[in-house]
Amino acid sequence: MSKPTTTIARHLAKLGRRTGVSLHPFNRLALPSTQTPQSRSRSLSTASPKERRPASEPRPTTIPTATFDQQHTTVSWPDGRESRFDNYFLFDHCRCSKCFQTQTKQRLKTLTELPTDIQPVSVETDTAGLHITWSTSPPHKSTYPSQFLKKAAYDPPLASYHEAEDSRILWNSKIVQSPPTVDHQDLVHSKAETSERGILKLLNRVHDFGFCFITDVPPTADDTKWLIERIAPIRQTHYGGFWSFTADLSHGDLAYSNEGLPAHTDTTYFTDPAGLQIFHLLSHPSPPGTGGTTLLVDAFYTASLLSTLYPNSYSLLSRLRVPAHASGTPGTILRPTISQPAFSHDEKGQLSLVRWNNEDRGVVGRGWTPEEVKGWYQASRRFEELNRSEDAEYWVQLSPGTVLVIDNWRVMHGRSAFTGSRTMCGAYVGADDWKSRRAVLTKKYEGRRKDPAAISGDVDWSVGW
Ligand SMILES: C[N+](C)(C)CCCC[C@H](N)C(=O)O
Ligand SMILES: O=C(O)CCC(=O)C(=O)O
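The notes below deal with the structure included here.

Analysis parameters
Residues numbered from 1 in each chain as written. Chains lettered and ligands numbered in written order. Predicted model: local features only at pLDDT ≥ 70, side-chain atom pairs only at ≥ 80, totals over all residues. Heavy atoms only, no water. Core = buried A, V, L, I, M, F, W, Y, C linked by side-chain atoms within 4.5 Å. Buried < 20%, exposed > 50% of the residue type's maximum accessible area, 1.4 Å probe, protein only. Helix = DSSP H or I, 4+ residues; strand = E, 2+ residues; numbered from the N terminus. Contact = heavy atoms within 4.5 Å. Pairing = 2+ DSSP bridges. Axes fitted to C-alpha atoms, helices over the stretch in contact; angles between N-to-C directions. Near = heavy atom within 4 Å. Polar contact = N/O pair within 3.5 Å; in protein donor to acceptor, adjacent residues only side chain to side chain. Areas by Shrake-Rupley, 256 points an atom, 1.4 Å probe, with all protein chains shown as cover. Nonpolar A, V, L, I, M, F, W, Y, C, P; charged D, E, K, R; others polar.

On to the nonpolar core, then. Leu306, Leu317, Phe343 and Phe383 are the most contacted members of the largest nonpolar core, which totals 30 residues. The set of elements that each furnish at least two residues to this core consists of β16 (294–298), α9 (299–309), α10 (311–319), β18 (351–354) and α11 (370–387). Broken down by element, the residue count for this core peaks at seven residues, all from α9. In this view, Leu317 contacts Leu306, Pro341, Ala342, Phe343, Trp356, Trp376, Ala379, Ser380 and Phe383; residues no more than four positions away in its chain are not counted.

Attention now goes to the sheet that holds strand β2 (residues 72–76). For sheets, the rule is that strands pair by backbone hydrogen bonds, running either parallel or antiparallel. Spatial ordering of the open sheet is given by β1-β2-β3, a layout of three strands whose pairing is antiparallel. Across the chains shown, the open sheet's two edge strands, defined by having one partner strand only, are β1 (65–68) and β3 (82–86). Between one strand and the next, the sheet's axes are offset by a mean angle of 20 degrees, whatever the strand orientation. The pairing of β1 with β2 spans four bridges and is antiparallel. Its bridge partner lying in β2, Thr65 is registered against Ser76.

We now examine the sheet that holds strand β19 (residues 394–396). Taken in spatial order, the four strands of this open sheet run β13-β21-β16-β19, and their pairing is antiparallel. Whereas interior strands pair on both sides, the edge strands pair on one side only; in this sheet they are β13 (261–264) and β19. With strand direction ignored, the average angle separating the axes of adjacent strands in the sheet is 20 degrees. Both β16 and strand β21 (residues 411–415) contribute to a ladder of five bridges, which runs antiparallel. What sits directly across from Thr294, in β21, is Arg415.

Below, the discussion takes up the environment of Leu90. Relative to the assigned elements, Leu90 resides in helix α3 (residues 87–92). Each C-alpha atom, one on Leu90 and one on Gly414, is 49 Å from the other, the two residues being 324 residues apart in sequence. If we skip the residues at most four places from it in the chain, Leu90 touches Thr73, Phe85, Ile132, Trp134, Tyr144 and Leu149.

Glancing now at the site of ligand 1. Around ligand 1, the structure places 15 residues, and the nearest of them are Asp253, Thr267, Tyr269, Asn357 and Asp360. Interatomic distance of 3.0 Å between a side-chain N/O atom of Asp266 and an oxygen atom of ligand 1. Thr267 places a main-chain nitrogen or oxygen 2.7 Å from an oxygen atom of ligand 1. Here ligand 1 has 380 Å² of accessible area as a free molecule, and 96% of this is covered by the chains. Residues belonging to the shell around ligand 1 are distributed by class as follows: seven nonpolar, five polar and three charged.

Attention now goes to the site of ligand 2. Residues in contact with ligand 2, as listed here, are Phe245, Ala255, Leu261, His264, Asp266, Gln277, Phe279, His413, Arg415, Arg422 and Met424. The contact in question runs from an oxygen atom of ligand 2 to an N or O atom on the side chain of His413, over 2.9 Å. A distance of 2.8 Å separates an oxygen atom of ligand 2 from a polar side-chain atom of Arg422. Of all the secondary-structure elements, those providing two or more residues to the shell around ligand 2 are β13, β14 (276–283) and β21. Per-class residue counts for the shell around ligand 2 are five nonpolar, three polar and three charged.

Right, here's the structure in full:
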């Protein structure tokens, strides 16, 4: 693949000057959201006086006060902020034993069982939070911890929700200086707690950087499979569960050849793209073999650059849906029922999933305007140029004993063409599965520190967000 002759370096230099941030790795660039900078500033500057902006960060609070009327209960925080809740919303979110099954953590009432004219007969506040006695017969009593109310506030939302501190760190080619790594011993220690803490460290690094190496892994398929199964359940696909592959075209896919593969994410043809892509290079005698070097690119980093350099291109790649397919293996014609754009965002507008695979891309343009077709190609070429820039590309030669764990929703991977006999093994893990594993271990070993008010009495308020 010839290097694109681009003016990206000039753009990057300008960007560095314009944003005042030096684009070195471990930079906490703001993750791009659906709104491009211009549109974001417009929405803020045109907010009418009546639209209340998220309040500033709270000062230490003591005990709030509360008032209510037929429709709402309003909590006034000691720092002057106010949070207004529909009474129906509060009643719906009661987690007393009659409304919420504490073991299964599920609601016990349907919406039509909640009276639409529900209102308090009294409200009180204390260090435990807000206590409401409702106008039901007999009177139903609910308690809401202050922490819950601040997190759930929607009228207005509190700043902490939209500016939630995210530990993600965007990186470029300089990550080579200090790539995230954990040691195999930390993950398979005989003491269960030590292993779990090691797996949490691994998954935190995968969350923060989008990838992490595991060193000193016994270079066998069996040991690799056993290790992956300790991290999270292996996801079955049409490639099987745990796989070993080589250049034999045993599957109708270029991965099973010795071709070079540009930076891409896998399984864009699944409605739910694989969450983790785990690789372990078991063998590639070189010499006589050549090539087969691994490429990593942080798509959140290059998308962030695109968002700043070419906001309209970022918006097009966030909106226009692109068909993807896997049709090369006999008996398989895979495509998502609902095509998706390259960039998907969460409910906060944060970039959460990048689908980028030029080989598996289908026919674009159906339902688009001619201008959108032109604009999409321009935007995609710009994104590809950023991905193929020396600034973004991190090339690393894998070797037996080092496992590479990739967040396939964020970091793209690829490889240089190779000769010789090369065997790679690994597996996919579902996105929800590895994030659940991380959430459970975080709650177990960091819960008190990260969310002290999560457990109030025997009610778990940390779930359901
Ligand atoms: C990893 N393994 C070799 C089993 C499959 C590779 C699948 C590659 C496919 N083009 C995709 O991007 O999903
Ligand atoms: O063979 C490699 O190093 C990577 C193959 C690849 O990109 C893939 O399996 O998606």
